[in-house]
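# Tertiary structure, described
So you can see what is in the structure, the chains are spelled out below.
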Amino acid sequence: MAKVRTRIAPSPTGDPHVGTAYIALFNRCFARQHEGEFILRIEDTDQTRSTARSEQDILKALRWLGLDWHEGPDVGGPHGPYRQSQRSDIYRAHIEVLLENGQAFCCFCTAERLDALRVSQTENRQTPGYDGHCLLLSEQEVQKKRAEKQPYVVRMKVPEEGDCVFTDRLRGEIRIAWEQIDMQVLMKSDHLPTYHFANVVDDHLMEITHVIRGEEWINSTPKHLLLYQHFGWQPPQFCHMPLLRNPDKSKLSKRKNPTSISYYKDMGYLPEALINYLGMMGWTMPDGREKFSIEEMQSAFDIDRVSLGGPVFDVEKLDWLNGKYIRENLDVEDFVAAFSQWAFDPVRISRIIPLLKDRVERLSDVIPLAGFFLSGLLPVSDADFKHKQLTSDDCKKILQLTVWQLEQLPEWSREGVEQLCQTLSQFLDIRIRETLFPLFIAITGKAVSTSVIDAMFILGLDVSRARLRHAIDILGGVSKKEAKDLERVLRELENYVRPVQA
RNA sequence: GUCCCCUUCGUCUAGAGGCCUAGGACACCGGGUUUUCAUCCCGGCAACGGGGGUUCGAAACCCCCAGGGGACGCCA
């Protein structure tokens, strides 16, 4: 039997996500338990959203958690390159095969036509999908359009009737009618492949034997299987893991729960505890032990023990487990090392010190003044938000609008944060000192402190958002109705152009 | 709207037809240890979504319903 090979294939379009680490963990355990290999591939075919920065962050975060790989863009390996943006020629050669065999076709439809089509289908309560317009084009017409350099995509042909039946390792037989499957775009007009195409080609060329991925991919598995069939390749075994959930059971999202691995690092969780916690999402040790290392997990691993109900990511239990790790696994010396590394990161410290250097008279003033930099959520109460000019609702409004605006910042910079606060102040027609008041309480815990704008910048989006959200909760939270009103205000704010300074 | 997946305490879960009066853990509540607190120890609360089958026997197998979730992009 062929050597087991599994992979994690993150897309470098944002912060390193705990869901990525979760799937990586199970892939790695499965591979290692079978003395196989676990590889990392970067799926950066979305040119507009992928960044090198994000790729670096993801690799760093996975390494921090102890999830290392046998082959990958940084360590190399015999099946490279491991970055899809460097494999364009491979995809182009493969798409030609499908085109020649008539298993795929060129589509010249414009985005406008497709949008209109989707709208009308949705209005008529039909399942949205491509209508086969360009399927009717003759060979000559296609050649002519291509010669004229008209932009086009390549779509796959899909059987019109019958079912696609496949076996999921955890769920058994799954049957999906072909008529449910859209004529998926395989190659975009920028001549880069879509996920579905690149993923199948790479999984085959990289000799992946087991595809362990999130449940959200079940419905597109027929597309993938069809490609394997067209190429005459042996498909891997599929195994769809349950999705991590928010407390309200929806798919884990940063809007509702911190999802960035760096957030958990910044909050002072130990990587061993986080990875252990992820290991108990949908899985248990055969002997019921709850505290286990990644090595213990992989040696006792049994993928068939995965339970399928979507587990809620419950920070309270993570807190307990992290405390247990600190108490039981760190002696004083280890603790000193871990704490120093966490608290006294040189880059961070050298950003913080200039903010307080001129405000202290004794070095002993530093901790009282800057302690909030080395904290998680702050112990604030609604009384702290009492203000002579701002009502509690005003505070909530400012806090919520700030959260939303921070989330939409194209890049995290001090200037961006400042601009945003200035604009908000002008838009609300509240002086900047008042506008910043609730932010001071939420972010620094006090009405008087070092610059709150710098503080947010240094703390980062995740911790800032967590504190702002915590403050909103303290103030009674935002009801459905309030949220709706505030979203309307947000739209006005987005369209608001700051008056030019006189 | 269409399709797919899922369903045991509030949460993570054990459970492969009789071992289930459903077990463990977090959270919560009580008690003990501790100069306080935390830790630690002891105890308590709390669940098989509903309805039909199959079976001597169902949390487990089958069907229907309900609920939850996901997918339906030139995103991944």
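Further up the page is the structure itself.
Residues numbered from 1 in each chain as written. Chains lettered and ligands numbered in written order. Predicted model: local features only at pLDDT ≥ 70, side-chain atom pairs only at ≥ 80, totals over all residues. Heavy atoms only, no water.

### A look at the packing of helix α3 (residues 88-100) against helix α6 (residues 195-205)
Between two packed helices, the angle of one axis relative to the other and the distance separating the axes together describe the packing. The line we're drawing: Every axis in this analysis is a line fitted to C-alpha atoms, fitted for helices over the stretch in contact. Angles between the N-to-C directions lie between 0 and 180 degrees. Helix and strand assignments come from DSSP, with helices taken as H or I runs of at least 4 residues and strands as E runs of at least 2, each series counted from the N terminus. What sets the label is the angle itself: under 35 degrees gives roughly parallel, over 145 gives roughly antiparallel, 65 to 115 gives roughly perpendicular, and the rest give oblique. The contact definition used throughout considers only heavy atoms, calling two residues in contact when any of these lie within 4.5 Å. In the scheme used here, Gly and all other residues not listed as nonpolar or charged are polar, with Ala, Val, Leu, Ile, Met, Phe, Trp, Tyr, Cys and Pro taken as nonpolar and Asp, Glu, Lys and Arg as charged.
Running from N to C, α3 and α6 cross one another at 105°; their axes reach a closest spacing of 11 Å. Our classification of the angle between α3 and α6 gives roughly perpendicular. The residues of α6 that touch α3, namely those facing I90, Y91, H94, I95 and L98, are F197, A198, V201, D202 and L205. In terms of residue class, the contact of α3 with α6 is made up of eight nonpolar, one polar and one charged.

### Comments concerning the protein's contact with RNA strand B
As a reminder, the rule being used: One heavy atom within 4 Å of a molecule or strand is enough for the residue carrying it to be called near that molecule or strand. Under the rule applied, a polar contact is a pair of N or O atoms within 3.5 Å (in protein, one hydrogen donor and one hydrogen acceptor; residues adjacent in sequence only if both atoms are side-chain atoms).
Residues in close proximity to RNA strand B total 51 residues, the closest being T45, R171, K188, G282 and E290. One of the side-chain nitrogen or oxygen atoms of E290 is found 2.4 Å away from a sugar or linking oxygen of RNA strand B. At 3.5 Å from a phosphate oxygen of RNA strand B is found a side-chain nitrogen or oxygen belonging to R305. Going through the elements one at a time, α4 (111-123), β4 (153-156), β6 (172-177), α6 and α11 (315-329) are the ones with two or more residues in the surface near RNA strand B. Tallying contributions element by element places α11 first for the surface near RNA strand B, with four residues.

### Brief notes about a nonpolar patch on the surface
Stated formally: Residues qualify for a patch when their relative accessible area is over 30% and they have no salt bridge, like charges being joined within 9 Å and the nonpolar side chains of Val, Leu, Ile, Met, Phe, Trp and Tyr within 5 Å. Surface exposure here means Shrake-Rupley accessible area, sampled with a 1.4 Å probe, where a residue is shielded only by the protein chains that are shown. Between Lys or Arg on one side and Asp or Glu on the other, a salt bridge is scored when a side-chain nitrogen of the former is within 4 Å of a carboxyl oxygen of the latter.
Taken together, F335, F339 and F344 make up a surface patch of nonpolar side chains, about 300 Å² in accessible area. Along the chain, F339 falls in helix α12 (residues 332-343).

### Re the sheet that holds β4
Working definition: the strands of a sheet are paired by backbone hydrogen bonds and lie parallel or antiparallel to each other. Using the following cut-off: By this definition, two strands are paired if DSSP reports at least two bridges between them.
The strand order across the open sheet built from three strands is β3-β4-β7, with neighbouring strands paired in antiparallel fashion. The open sheet has two edge strands with one neighbour each: β3 (104-107) and β7 (185-187). The average undirected angle you get between the axes of adjacent strands in this sheet is 45°. Examined bridge by bridge, β4 and β7 share two bridges and lie antiparallel to one another. By the bridge assignment, R155 is partnered in β7 with V185. Across the sheet, α3 is in contact with β3, β4 and β7; its angle to β7 comes to roughly 130°.

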